[in-house]
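# A closer look at the structure
The lines below spell out each chain.
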Amino acid sequence: MMTQISFLIMGILTVFLSIMMITRKWPVTASMILIIVMMLIAGMFGMLGAHFSAVAQIIVYAGAIMVVFVFVIMLLNLPPEELRYGRITMFELIYIVLGFLIALFLGTKVGQGYLLSVLNSQTLMNSRPPYYPDSMNENVKNVSALMFTDYLWAFELISFLILVAIVGAIVIAKKAKVNDAKSS
Amino acid sequence: MPSLPELGIYFALLLFIVGMFGVMLRKNIIFMMLSVEVMLNAANLAFISASSMTNTIDGQVIMFFVMAVAACEAGVGLALIVSLYREKSTLEIDDLRMLRG
């Protein structure tokens, strides 16, 4: 009961802070709030039994991605924006309503039973011994064992994707400079 | 009182909605990318909750992959933003409509 109440408090705080984040005027303020949101989500991961994911969330998201965001915001030296909200069009409204309906269906007992039946029908899941999150002390071992056996090809593809992203980021950010040198 | 993974699914839904409204309502590219990060975090939370709900660990591995893809997306997107700001010196998407004809 105590863990559920603290999980509830963390979740409500996360949603509230993310609402604060999308209504801020300065980008740096929004980034700082987003770092707090990611730390809270990492806490929720830890309470759900995914300790490795919690640590990776803090290191990768709050440590690396948000630092790059803040660095770029400070590099651009942006003026504060006056808040100009857009209008929501009819199509977007239809998407929102459909998404709410699907989410409400998946939130009911029928929808959850449907999801679990889909998950359990996969022979991949059934061929493996079940993992019980209550036995906490082997989380990293289990994750890495699964990642380097069943998901080995996905892991290799992800590493290749990161290589492509590095080269692409350098090429894209460099191109404007080359054009400037040519035009001047 | 619902169990912890169910609460996680509900909060993932709420976070995803907040991120979606951020992408649709804000007109600044930086804020739109920050909202995309919130949406990716909501997807990660849903993966972890499902992993905890089904007593499997696949969701945690997939969450790691989603995180790597998010890092790539942030890197390339921020490079695009820097290049675009050098070119046009604005980040309002209403002023950057050259792809819309």
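This section reports on the structure supplied with the text.

Scoring rules and cut-offs
- Residues numbered from 1 in each chain as written.
- Chains lettered and ligands numbered in written order.
- Predicted model: local features only at pLDDT ≥ 70, side-chain atom pairs only at ≥ 80, totals over all residues.
- Helix = DSSP H or I, 4+ residues; strand = E, 2+ residues; numbered from the N terminus.
- Buried ≥ 20, exposed ≤ 12 C-beta atoms within 10 Å, placed from the backbone.
- Contact = placed C-beta atoms within 7 Å.
- Rg over C-alpha atoms; globule rule 2.2 N^0.38 Å.
- Core = buried A, V, L, I, M, F, W, Y, C linked by C-beta atoms within 7 Å.
- Expected span 1.5 Å × (residues − 1).
- Nonpolar A, V, L, I, M, F, W, Y, C, P; charged D, E, K, R; others polar.
- Axes fitted to C-alpha atoms, helices over the stretch in contact; angles between N-to-C directions.
- Parallel < 35°, antiparallel > 145°, perpendicular 65-115°, else oblique.

Turning our eyes to something else, we now look at the overall build of chain A. Counting its secondary structure elements, chain A contains eight helices and zero strands. For chain A, the succession of helices and strands along the chain, N to C, is α-α-α-α-α-α-α-α. Put simply, chain A has 184 residues, and 22% of those count as buried. Considering only contacts within chain A whose residues lie at least 6 apart along the sequence, 52% involve residues at least 24 apart.

Counting secondary structure elements, chain B contains three helices and zero strands. In chain B, the order of α-helices and β-strands from amino to carboxyl end is α-α-α. Computed over its C-alpha atoms, the radius of gyration of chain B comes to 17 Å, more than 25% above the 13 Å expected for a compact globule of 101 residues. With respect to the three principal axes, the spread of C-alpha positions in chain B is 50 × 25 × 20 Å. For chain B, with 101 residues in total, the buried portion stands at 55%. A separation threshold of at least 6 residues defines the contact pool for chain B, and within that pool the share at least 24 residues apart is 45%.

Before going further, it helps to spend a moment on the nonpolar core. Judged by nonpolar contacts, the single largest core of 65 residues is most densely connected at Ala-12, Leu-15 and Leu-45 of chain B. Those elements giving two or more residues to this core turn out to be helix H1 (2-22), helix H2 (27-47), helix H3 (51-76), helix H7 (139-147) and helix H8 (152-183) of chain A together with helix H1 (4-25), helix H2 (29-53) and helix H3 (58-88) of chain B. Broken down by element, this core gets its largest block of residues, 15 residues, from H2 of chain B. Aside from chain neighbours lying at most four places away, what touches Leu-45 of chain B is Ile-41 and Met-44 of chain A together with Gly-8, Phe-11, Ala-12 and Leu-15 of chain B.

A few words on H2 of chain A. In a regular helix each residue adds 1.5 Å, so 21 residues correspond to 30 Å; H2 of chain A covers 30 Å between its end C-alpha atoms and thus fits that length. On its buried side, H2 of chain A packs onto H1 and H3 of chain A together with H1 and H2 of chain B. Count one or two residues on from H2 of chain A and you reach Gly-49 of chain A, which has phi positive near 95 degrees.

Another aspect to go through is the interface of chain B and chain A. Counting residues at the interface gives 59 residues for chain B, matched by 68 residues for chain A. Every element with two or more residues in the side of chain B that touches chain A is listed here: H1, H2 and H3 of chain B. Here the side of chain B that touches chain A gets 24 residues from one element, more than from any other, and that element is H3 of chain B. When grouped by side-chain class, the residues that make up the side of chain B that touches chain A number 39 nonpolar, 14 polar and six charged.

Take the environment of Phe-105 of chain A next. Inspection of the secondary structure assignment puts Phe-105 of chain A in helix H4 (residues 90-107). C-alpha separation for the pair Phe-105 of chain A and Ile-88 of chain A, spaced 17 residues apart in sequence, amounts to 24 Å.

Another aspect to go through is the environment of Gly-111 of chain A. All names here are of chain A. Checked against the element boundaries, Gly-111 lands in helix H5 (residues 109-120). With 14 C-beta atoms counted inside 10 Å, the residue Gly-111 sits in the partly exposed group. In this structure Gly-111 touches Phe-105 and Leu-106, once residues within four positions along its chain are discounted.

Right, let's get into the packing of H1 of chain A against H1 of chain B. When two helices pack together, their arrangement is given by the angle between their axes and by how far apart the axes lie. For the pair H1 of chain A and H1 of chain B, interaxial distance at closest approach is 9 Å and the crossing angle is 5 degrees. Compared by their axis directions, H1 of chain A and H1 of chain B come out roughly parallel. The segment H1 of chain A lies against H1 of chain B, with Thr-3, Gln-4, Phe-7, Leu-8, Gly-11, Thr-14, Val-15, Ser-18, Ile-19 and Ile-22 of chain A engaging Leu-4, Leu-7, Phe-11, Leu-14, Leu-15, Val-18, Phe-21 and Gly-22 of chain B.

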